[in-house]
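Commentary on secondary and tertiary structure
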Amino acid sequence: MTIKTGRTVMRKVGGGVAALSLLLAGPATAQLATNLAVDVRAMSMAHAVTADPPGIMAIHFNPAGLGKLRGRRMDLQFVGVDFGINSEFSAPPDYNVFGFSDDPVVCADAPDDGADFCREFRTGKSTVEGVSLYIPILNDAVDLPPGPLIAGPIPSFAIRPPGSKFTFATATYLPMAAGLYRADDDPGNFMGRRMALERITYLSPSVGFQATDTLYLGASVGLSYQAVMLETDFRAPNELTGFARILDESVCAPFKGESNIALDLILFGICRPEEGLGPFKNLASLDVAMDQRLSPSYNLGVLWEPNERFAWGAVWHSEAKVSMSGDFTVNYSNATEQTINGIGGTATGAIALAVLGIPSSVGSSETGLISMDLTMPAHFQTGIKIRPTERWQFNVDAVWVDYDQWDAFNFKFNKATAVTALARLFSPGSTPTKLRFPLEFQSTWNLAFGVQYDLTGRLQLRGGYEPRASAIPSDRRNPMVPINEARYYSLGLGYKWDKDTDIDLAIATMRSRDNIPANTSTLGNSEGIDNIVYNPYAGLDIKTETTINMVGLAFRTAF
């Protein structure tokens, strides 16, 4: 009895720990969608442009390409993005959590109908209402109306003085951006009700050098702003919360709301709360916002073009050390607050909590300061450009991303809280003021393909295909990071307006689908007492589908 009661309390505070696990998933979501809308020409060729860098945005794709530019150049780019993230939750045969199956996510029965089992199951569906953007000046996210997000003009500038072999450039762009919000009653809110995360490179001083007639070298430094914001709800379907419901509905029913010495000593105060706990109840909610105003990184590139029919290029994107800081608030549900305080208000319950290092009382919320040290993975890309005829051009790139860097994420708190007191019991390497969360992501290789056909001397047609590999282990897939293995398709065209001006157009789509059978992911639907962090859909089958559609227009000219 003592052990079960203590673990029941720990499971409730676990909502806060689970909240942090979702926050960790945020950067992963955006990182796995990198490069999608950095440059219109690159977009149209599936980003296979390392040996054929796109104008001034060679800053990002291969700064050696800047060495091919002449005079003073300016690019203005406009990008539109629309996306859908859909999830489905369904109950497999014999679904139950400690004997209970009336999960409102998948049960069509009327709520509180007196039954602890579901008579009629349904498929729970989650979708995204619209885009959320984090605004640095406001230190908050703004929910945009449903529909595509339009960004622009996004400027970049380059200059090569007459007689010089050096080209200097800078650009503003978004190497990483994602954000969404859901309806209040959406079943996906346990994996993020509202979130926004972004990396904005607001200045990127760069230089390209023409070493010989065929060899170019380049380097760029990105000065970026990084932010992450998350609002989410939490629940914990497992045997411990199922046992708590049995206690509440069976053992405690005759004593509901009562308190006497004998009862409290025997039951550790578990019957004192007016509202009991259960596997399908909302336990808490979390609000977190963190940012770093200046996060530097660098790119190094080389480009070798011995003739017009062949070129080879390579670029190294350095890792970026990010140290974000901000505020957090955990809001406990009435049932969670009453349970902790009820147990902590008895002699035996207070002793049990003290042994576990958990406070004997909590308020309706906890607030404090939080920081996170994060390494954005290094990225290497190399490729070739081949022109077998005067009209046809084929690009092939190989892409490597060092996701092994994400073996674990770390949070630091300015003070010990109930959340961190619990976390140290379940996460090796954690302390009362530090949380270590293991991820075990894997580094990836994939290929990207681009093609260009010169229809006339002024008009070029383009296309691209990129099968993106998944960095997420099969036992950690989840609806919070719905971009696993993905397929990217693109079309575009380039038009030479005059000798100094080019216009590029592109459309692209990226799609990712996943099927996560029940009890196969420890970050989504794993069953068992040890599924503390984080499985809000324990025992359910999950399907996810993500579609990102993009359009772009680039105007490139001399000035």
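Everything discussed here concerns the structure shown above.
Residues numbered from 1 in each chain as written. Predicted model: local features only at pLDDT ≥ 70, side-chain atom pairs only at ≥ 80, totals over all residues. Heavy atoms only, no water.

**Structural notes on the pairing of strand S15 (residues 379-386)**
Both strand S12 (residues 310-317) and S15 contribute to a ladder of eight bridges, which runs antiparallel. Within S15, the residue paired with Trp312 across the bridge is Ile384. Here S15 runs beside strand S16 (residues 392-401); their pairing, made up of eight bridges, is antiparallel. Among the inter-strand pairings, Ile386 is bridged to a residue of S16, identified as Phe394. In sequence, S15 turns back onto S16 through a hairpin of five residues. (Pairing = 2+ DSSP bridges. Helix = DSSP H or I, 4+ residues; strand = E, 2+ residues; numbered from the N terminus.)

**Structural notes on the state of the cysteines**
If you walk through the whole model with that rule in mind, you get two disulfides. Residue Cys107 pairs covalently with Cys118 via a disulfide, S to S 2.3 Å. A torsion of 100 degrees about the S-S bond marks the disulfide between Cys107 and Cys118 as right-handed. Of the two residues, Cys107 sits in the loop between strand S1 (71-90) and strand S2 (124-126) while Cys118 sits in the loop between S1 and S2, which places them eleven residues apart along the sequence. With respect to class, Cys107 is no different from Cys118; both count as buried. One disulfide bridge connects Cys252 with Cys271, the sulfur atoms lying 1.9 Å from each other. (Disulfide = S-S within 2.5 Å. Buried < 20%, exposed > 50% of the residue type's maximum accessible area, 1.4 Å probe, protein only.)

**Focus on the layout of surface pockets**
In this model, the largest pocket occupies a volume close to 940 Å³. The wall of the largest pocket is formed by 35 residues, among which Arg41, Asp52, Pro53, Gln460 and Asp502 lie closest to the centre. Broken down by class, the residue content of the lining of the largest pocket amounts to seven nonpolar, nine polar and 19 charged. Its volume calculated, the second largest pocket comes out at about 730 Å³. Counting residues per element, the ones that place at least two in the lining of the second largest pocket are S1, strand S3 (132-135), strand S5 (149-160), strand S7 (173-181), strand S8 (194-203) and strand S23 (541-558). Among the elements that make up the lining of the second largest pocket, the one with the highest residue count is S7 (eight residues). (1 Å grid on protein atoms, 1.4 Å probe; cavity = no way out; pocket = protein on both sides within 12 Å on 5 of 7 lines; lining within 4 Å. Points joined across faces, edges and corners; volume = space filled by probe spheres on them. Nonpolar A, V, L, I, M, F, W, Y, C, P; charged D, E, K, R; others polar.)

**Section: the pairing of S16**
In terms of burial, S16 is a largely internal element, seven of the ten residues being buried. Across ten bridges, S16 lies against strand S19 (residues 444-454) in antiparallel orientation. Along S19, the bridge assignment pairs Trp392 with Tyr453.

**Things to note about the environment of Thr544**
Summarising the element assignment, Thr544 is placed in strand S23. Taking the C-alpha atoms as reference points, Thr544 and Arg477, separated by 67 residues in sequence, lie 10.0 Å from one another.

These values are about where atoms sit, not about what they do.
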